[in-house]
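# Working through the structure, step by step
So you can see what is in the structure, the chains are spelled out below.
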Amino acid sequence: MSRSRFSLGVTACLLAGLQRELLLAVRSPGNTINPLMFFVIAISLFPLGGGADTVFLSSIAPGVIWVTALLAVMLSMESLFRSDFEDGSLEQLLLSPQPLYFQILAKVFGHWLVTGLPLVLLSPLLGLLLALPAQAYLPLMLGLLLGTPTLNLIGAIGMALTVGLSRSGLLLAVLVLPLSIPVLVFGAGVVNAALNGLPMAGLLAVLGAMLALALSLAPLAIGAALRISVN
Amino acid sequence: MFSATNLFCERDERVLFTQLNFTISAGEVIQVQGANGSGKTSLLRILAGLNADFTGDISWQGQAVNRRRETFNAGLFYLGHSPAINKTLTPLQNLRWYCACHGFSDDTAIVLALADLGLAGYEHIPCHQMSAGQQRRVSLARLQLSVAPLWILDEPFTALDKQGVADLEQCIDTKVRQGGAVILTTHHALQLQCPVRVINLDELQGVGA
């Protein structure tokens, strides 16, 4: 083993993990596009089913967009650990000498970049569909920008716990949806506050605090859950 | 180098092994034998730290493994039943990620390792377009990239052709000569130049029953 090796630190290992996650998304685009399509289609059903009354639509818009975003995130979680569990890559991830905490963070962040971020970027368009006034677009996007990564991290805990089961979809929803309620309440609250001309900095700060909490604690829970799942 | 003391494992109310003790030092090979379902894979997964359903102590260089997981992981190469190869990615992408997980980046070494296993020219082909044996070889290319002193190999000869088997045996021999230690299971008659110690799980089960 005299060959010189270019040794890497933790950061480079994280970048490699992130790169792999993005490559996987490019190679199997269905995993990324389907939740996004669900988000668009489910929201566009509301004006069709609920009538074209703009006052009514704009009053339900914050809740509808946030609930649908939450469900779309849960749908997208299914692909997070599934293929790695089936082909054994997960075992190698757990046996890697690099810190598991950061590897999981890189993986979830990569997953958010391809599933969560498009939701954030598309949301004003869907707001338009629900007759949401223009002054609420920015609060909606900011709220989703802080909220979707939190939902991803919470969903990843549930996914890590259920990845060993063959049909985990409904169980995942039962486990994870109750935990996502605070994010939903404050996220929709931000948009409602903007609609009523109330200050929203406090609500955004709470969403930020929840993200910070999830960033620091969720990877530990995900790691522990993955160890149980491969056992 | 690596030792297990008083291992006991029970699965579905059936004792797989009890009072299992062994030590492996540099330059040794241990073959775990036993009938199907006798707990070979369970034992290897316990040793690698993937399975926690056991009692007993496992230590690496004199220290308990569960206290120093990352140090142990740096010294371990584990090859499981599943190849740990993502089929939508190319061999190069798969192995790059593996290398990065182990803290290095060396594309030349990856290409060389693939060429050694007869996969020159396949670096950029998605793994799902390859045969089972070729996918297995991609997985085995990690052996050549690994600098870990301890190898734990679960059925490494599966799906390999005759030449592949001979190459892998040679690879194990070289590892052992360089001071590595190898624990493996196989149903194939090993033809190694180095001496092989055998742990037979069928006999151990008798002790416990």
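As the structure is a prediction and not an experimental result, all values here were calculated from the model.

Rules and cut-offs
Residues numbered from 1 in each chain as written. Chains lettered and ligands numbered in written order. Predicted model: local features only at pLDDT ≥ 70, side-chain atom pairs only at ≥ 80, totals over all residues. Heavy atoms only, no water. Axes fitted to C-alpha atoms, helices over the stretch in contact; angles between N-to-C directions. Helix = DSSP H or I, 4+ residues; strand = E, 2+ residues; numbered from the N terminus. Parallel < 35°, antiparallel > 145°, perpendicular 65-115°, else oblique. Contact = heavy atoms within 4.5 Å. Nonpolar A, V, L, I, M, F, W, Y, C, P; charged D, E, K, R; others polar. Domains from an automatic or database assignment. Buried area = accessible area lost by both parts, 1.4 Å probe. Salt bridge = Lys/Arg side-chain N within 4 Å of Asp/Glu carboxyl O. Polar contact = N/O pair within 3.5 Å; in protein donor to acceptor, adjacent residues only side chain to side chain.

## So, the packing of helix α5 (residues 100-129) of chain A against helix α9 (residues 201-230) of chain A
Angle between the axes and distance between the axes: these two values describe a pair of packed helices. Residue and element names in this part refer to chain A. Where α5 contacts α9, the two axes come as close as 9 Å, and the packing angle between them is 100°. Comparing their axes, α9 and α5 come out roughly perpendicular. Contacts from L100, Y101, I104, L105 and V108 of α5 reach α9 at L215, S216, P219, L220, I222, G223, L226 and R227. The residue inventory of the contact of α5 with α9, partitioned by class, reads ten nonpolar, two polar and one charged.

## Observations concerning the domain arrangement of chain B
Residues and elements named next belong to chain B. Split into domains, chain B comes out as domain 1 (1-75 + 148-209) and domain 2 (84-147). In this structure, domain 1 and domain 2 have C-alpha centres spaced 24 Å apart. Taken together, the 15 residues of domain 1 in the interface contact eight residues of domain 2. Taking both partners together, domain 1 and domain 2 bury about 930 Å²; carbon and sulfur atoms supply 56% of that area. Of all residues in domain 1, A148, W151 and L160 give up the largest surface area on contact with domain 2, accounting jointly for 36% of the area buried on that side. Counting across the interface, domain 1 meets domain 2 through one salt bridge. Two residues, D161 and R137, come together in a salt bridge whose shortest N-O distance is 2.8 Å.

## Some thoughts on the environment of B:L153
Residues and elements named next belong to chain B. One can find L153 in strand β8 (residues 150-154). Note: C-alpha distance between L153 and I110 (43 residues apart in sequence) is 20 Å. In contact with L153, not counting residues within four places along its chain, are L44, F77, L79, L143, I172, V182, I183, L184 and T185.

## Digging into the interface of chain B and chain A
Taken together, the contacts link 39 residues of chain B with 33 residues of chain A. When chain B packs against chain A, close to 3200 Å² is buried across both sides, 53% of that on carbon and sulfur atoms. Among the residues of chain B in contact with chain A, B:L50, B:W97 and B:C101 are the three that bury the most area, contributing 20% of the side total. For the pair chain B and chain A, the interface holds one salt bridge. With its nearest N and O atoms 2.6 Å apart, the salt bridge here joins A:E91 to B:R45. Counting every contact that joins chain B to chain A gives ten residue pairs in polar contact (both at pLDDT 80 or more). If you list the elements that add at least two residues to the side of chain B that touches chain A, you get α1 (40-48), α2 (69-74), β6 (76-79), α3 (91-101), β7 (104-105), α4 (107-116) and α5 (132-145) of chain B. Element by element, the count of residues in the side of chain B that touches chain A is highest for α3(B), at five residues. Split into classes, the residues belonging to the side of chain B that touches chain A amount to 20 nonpolar, 13 polar and six charged.

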